[in-house]
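Spelled out, the chains give:
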Amino acid sequence: MSAPTRQIHLNAFLRNVGQHEAAWRLPETDVKAVTDIEHYRNLARIAERGKLDAIFFADHPVLKDRSQDRPWDSLDPFTLIAALSGVTSRIGLVATASTTYNDPYGIARRFATLDHVSQGRAAWNVVTTANAEAAANFGFEHHPDPQERYARAAEFLDVTFGLWDSWDDDAIVGDKDGGTFVEPSAIHRLDHVGPHFRVAGPLEIPRSPQGRPVIFQAGSSEPGKDLAARYADAIFTAQPIIDDAQAFYADVKARARAFGRDPDTVLILPGLSFFIGGTEEEAFAQRETFENLTLPTYGLAQLKRITGIDFTGQDLDAPVTIPARSEIAGDQKSRHDLVHRLTSTETLTLRQLLRRLSAGRGHRIATGTPEQIAETIVEWFENGAADGFNLIPPALPTSLETFVEEVLPILRAKRLFREDYEGRTLREHLGLERPAARERAPFATAAE
Ligand SMILES: Cc1cc2nc3c(=O)[nH]c(=O)nc-3n(C[C@H](O)[C@H](O)[C@H](O)COP(=O)(O)O)c2cc1C
């Protein structure tokens with residue numbers, strides 16, 4: 001019996017020794033693993049053994065306050081993912097890079113090269129950088145406002161796509177007798193002049209195996225969703241409640257259609273943190289262990305980053321409500337809405353809210369047996385809330401290993417997740433076409 005056409009797509013969101021803010025305090029955690037390449041090689045191998053679609057690393061080019069409370073993204077995501085391409089052969093490789101604190105030529109060059117060296121597994125998670133503090137590291141007076149950041153991001157993507165398309169696939173003729181390595185008319189200038197960038201092009205790198213590396217994006221605000229719907233192949237989002245996930249799914253697919261795209265080629269991957277036990281009680285006990293190790297100082301600093309409100313000194317065991325965003329301006333608008341929604345749909349004490357955010361800053365948390373975790377995944381997948389998930393393992397490597405060994409076989413038995421990789425490239429794993437190059441001007445120099 002052939003597998004249903006629509007399959008669940010799974011990405012692993014990796015962060016040093018675990019996504020849970022207290023994972024490093026677990027007795028079994030080796031804190032030195034934070035900068036140990038062997039640790040990351042092991043994680044990549046586990047994910048590839050599970051036949052996951054991709055692994056992914058975030059990017060925050062700043063050491064945040066309260067970073068004494070937990071390890072953060074301690075290695076440059078692009079360099080790390082490039083290193084992992086050498087110990088894997090099929091799994092997709094997603095690195096995050098900012099459109100606010102980079103330039104298009106540099107980014108186009110790096111990701112096209114990664115696509116060549118990984119034989120077609122490169123992907124770029126496009127962010128405008130959520131952390132205002134990063135501005136000071138790049139000589140900016142201020143962190144540009146979201147509107148400006150997203151306007152720059154759209155032009156940035158246009159230029160990057162144009163550079164990735166600057167070589168025809170068959171530009172290299174390699175005519176040794178005739179002495180022609182590349183056919184000049186098969187390479188194209190860009191001559192882009194725009195409000196943010198002037199880029200002549202072409203790129204010096206031949207068109208890569210996937211044509212263009214896969215684009216991921218995680219915008220949830222109005223400009224964020226528009227950018228995602230217009231350019232992204234896959235979209236990460238934080239949705240703790242299925243109704244909101246269904247609304248986000250329908251909204252972004254409709255925007256993609258409005259941009260003339262086939263909505264089935266835009267995959268929505270909500271985040272999913274998970275605590276897996278032999279019984280439900282065991283799973284909740286495991287979660288309790290993590291949450292008992294959380295440091296309120298870190299939780300309060302994170303809540304302040306999201307909402308702009310400092311709850312330091314407040315009674316942790318008193319109920320808390322987060323006002324709607326219109327009254328208060330934090331920098332992470334959609335995450336603010338999420339926390340406001342959480343405290344308006346449930347009565348939570350400040351401590352409970354901090355614990356809820358400790359596993360993944362507001363992403364969905366599933367706690368239970370492998371069957372129960374698989375049930376949640378299938379429910380969202382089959383009810384218009386997700387095309388797959390961005391897995392957020394609380395502790396690494398253990399949570400990822402347990403998921404691969406205990407949850408994936410259940411999804412396979414339902415024929416909703418691949419037994420093995422059919423293709424070689426990330427686009428093939430995601431069921432996405434190889435994009436044709438856009439229309440371009442010839443590169444041929446004036447001399448000819
Ligand atoms: C799964 C996921 C991963 C993200 N990774 C990063 C990251 O690495 N760096 C970053 O600056 N922002 C990251 N973000 C934040 C988004 O880029 C975006 O700023 C956030 O979702 C808020 O959306 P908005 O900018 O449209 O308000 C991530 C968001 C999600 C959901």
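Residues numbered from 1 in each chain as written. Predicted model: local features only at pLDDT ≥ 70, side-chain atom pairs only at ≥ 80, totals over all residues. Heavy atoms only, no water.

Asker: Whenever I open this one, the overall build of the chain confuses me. Can you help?
Answerer: What the chain contains, in helices and strands, is 13 helices and 17 strands. Relative to its length of 448 residues, the chain is compact, with a C-alpha radius of gyration of 22 Å against a globular reference of 22 Å. Split into buried and exposed, the 448 residues of the chain put 56% on the buried side. Partitioning the intrachain contacts of the chain with sequence separation of at least 6 by distance along the chain shows that 78% fall at a separation of at least 24. If you sum the accessible surface of the chain, you get close to 18,700 Å²; carbon and sulfur atoms cover 51% of it. Side-chain charges of the chain comprise 49 positive and 64 negative groups, with the mean position of each set lying 1 Å from the other. (Helix = DSSP H or I, 4+ residues; strand = E, 2+ residues; numbered from the N terminus. Rg over C-alpha atoms; globule rule 2.2 N^0.38 Å. Buried < 20%, exposed > 50% of the residue type's maximum accessible area, 1.4 Å probe, protein only. Contact = heavy atoms within 4.5 Å. Areas by Shrake-Rupley, 256 points an atom, 1.4 Å probe, with all protein chains shown as cover. Lys, Arg positive; Asp, Glu negative; His and termini not counted. Charge placed at Lys NZ, Arg CZ, Asp CG, Glu CD.)

Asker: Honestly, the site of the ligand in this entry has me stumped. Any pointers?
Answerer: Taken together, 21 residues lie around the ligand, and Asp-59, Ala-130, Tyr-150, Ala-218 and Ser-221 are the ones closest in. Contact distances for the ligand include 2.9 Å between an oxygen atom and a backbone N or O atom of Ala-130. A distance of 2.6 Å separates an oxygen atom of the ligand from a polar atom in the backbone of Ala-218. Burial of the ligand by the protein chains amounts to 94% of its free accessible area of 610 Å². When contributions to the shell around the ligand are tallied by element, the ones reaching two or more residues are β4 (122–127) and α9 (333–345). (Near = heavy atom within 4 Å. Polar contact = N/O pair within 3.5 Å; in protein donor to acceptor, adjacent residues only side chain to side chain.)

Asker: Help me understand the pattern of salt bridges in this model?
Answerer: As a working rule, side chains carrying opposite charge can pair if their charged atoms are close by. All chains considered together, the criterion is met by 26 salt bridges. Connected through shared salt-bridge partners, Asp-165, Asp-169, Arg-207, Arg-212 and Arg-434 make up one network. (Salt bridge = Lys/Arg side-chain N within 4 Å of Asp/Glu carboxyl O.)

Asker: Is there a simple way to explain the nonpolar core in this structure?
Answerer: As a rule of thumb, soluble globular proteins bury nonpolar side chains together. Membership of the largest hydrophobic core comes to 81 residues, with the highest contact counts inside it found for Leu-10, Leu-52, Ile-55, Trp-124, Phe-403 and Leu-411. When residues in this core are grouped by element, the largest group, nine residues, is from helix α4 (residues 146–164). When near neighbours in sequence (up to four residues on either side) are disregarded, Leu-52 contacts Leu-10, Ala-12, Ala-47, Ile-91, Leu-391, Leu-400, Leu-408, Phe-417, Arg-418 and Tyr-421. Core analysis: the second largest hydrophobic core is formed by 17 residues, Ile-306, Ile-322, Val-339 and Leu-348 among them. (Core = buried A, V, L, I, M, F, W, Y, C linked by side-chain atoms within 4.5 Å.)

Asker: What is the right way to look at the pairing of strand β5 (residues 172–175) in this model?
Answerer: Within a regular strand, side chains alternate between the sheet's two faces. Where β5 and strand β6 (residues 180–182) come together, two bridges link them in antiparallel fashion. Each residue of the ladder has a partner; that of Asp-175, found in β6, is Thr-180. What sits between β5 and β6 in their antiparallel hairpin is a turn of four residues, with Gly-179 showing a positive phi close to 80°. (Pairing = 2+ DSSP bridges.)

Asker: Honestly, a negative patch on the surface in this entry has me stumped. Any pointers?
Answerer: A grouping of Glu-371, Glu-375, Glu-379 and Glu-406 is seen on the molecular surface, where their side chains present a negatively charged patch. Here the negative patch takes three residues from helix α11 (residues 370–382), the largest share from any one element. Given the relative accessible area of 39%, Glu-379 is considered partly exposed. (Patch = residues over 30% accessible without salt bridge, like charges linked within 9 Å, V, L, I, M, F, W, Y side chains within 5 Å.)

Asker: What am I meant to see in the packing of helix α3 (residues 104–117) against α4 here?
Answerer: Between two packed helices, both the angle of their axes relative to each other and the distance between the axes serve to describe the pair. At their nearest, the axes of α3 and α4 sit 9 Å apart, and the two run at 50° to each other. The angle between α3 and α4 places the two elements in the oblique class. Relative to α4, α3 is oriented so that their crossing is right-handed. Between α3 and α4, the contacting residues are Pro-104, Tyr-105, Ile-107, Ala-108, Phe-111 and Ala-112 on the first element and Phe-156, Val-159, Thr-160, Leu-163 and Trp-164 on the second. Considered class by class, the residues forming the contact of α3 with α4 number ten nonpolar, one polar and no charged. (Axes fitted to C-alpha atoms, helices over the stretch in contact; angles between N-to-C directions. Parallel < 35°, antiparallel > 145°, perpendicular 65-115°, else oblique. Left-handed = near helix turned anticlockwise from the far one by under 90°. Nonpolar A, V, L, I, M, F, W, Y, C, P; charged D, E, K, R; others polar.)

Asker: Would you mind showing me how to read helix α8 (residues 296–307) here?
Answerer: Because an α-helix completes one turn every 3.6 residues, residues spaced three or four positions apart along the sequence face the same direction. Taking 1.5 Å of rise per residue, the twelve residues of α8 would be expected to cover 16 Å, and the 16 Å separating its terminal C-alpha atoms lies within 8% of that figure. Among the residues of α8, Tyr-298, Gly-299, Leu-300, Ala-301, Gln-302, Leu-303, Arg-305, Ile-306 and Thr-307 are the ones counted as buried. Where α8 is buried, its residues touch α9 and α10 (350–358). Gly-308 sits one or two residues past α8 and shows a positive phi near 85°. (Expected span 1.5 Å × (residues − 1).)

Asker: Would you mind going over the domain arrangement of the chain with me for this structure?
Answerer: By a widely used convention, the size of an interface equals the accessible area lost when the partners come together. The domains assigned to the chain are domain 1 (9–281 + 363–442) and domain 2 (295–357). The distance between the C-alpha centroids of domain 1 and domain 2 comes to 28 Å. In terms of surface lost to domain 2, no three residues of domain 1 exceed Glu-21, Arg-66 and Asp-69, which account for 26% of the buried area on that side. Connecting domain 1 to domain 2 are one salt bridge. There are three residue pairs in polar contact (both at pLDDT 80 or more) connecting domain 1 and domain 2. Looking at the side of domain 1 that touches domain 2, its residues break down into nine nonpolar, four polar and ten charged. (Domains from an automatic or database assignment. Buried area = accessible area lost by both parts, 1.4 Å probe.)

Asker: Can you walk me through the pairing of strand β16 (residues 388–392) in this structure?
Answerer: Of all five residues in β16, five are buried, a share of seventy percent or more. Pairing geometry for strand β1 (residues 9–13) and β16, over four bridges, is parallel. Bridging across to β16, Asn-11 finds its partner in Asn-390. Sheet topology note: the strand β12 (residues 267–276)/β16 ladder contains three bridges and is parallel.

Asker: Is there a simple way to think about the packing of α8 against α9 in this case?
Answerer: Between α8 and α9, whose axes approach to 8 Å, the crossing angle comes to 115°. Classified by the angle between their axes, α8 and α9 sit roughly perpendicular to one another. Together, Leu-303, Ile-306 and Thr-307 of α8 and Arg-335, His-336 and Val-339 of α9 make up the contact between the two elements. Within the contact of α8 with α9, the residues separate by chemical class into three nonpolar, two polar and one charged.

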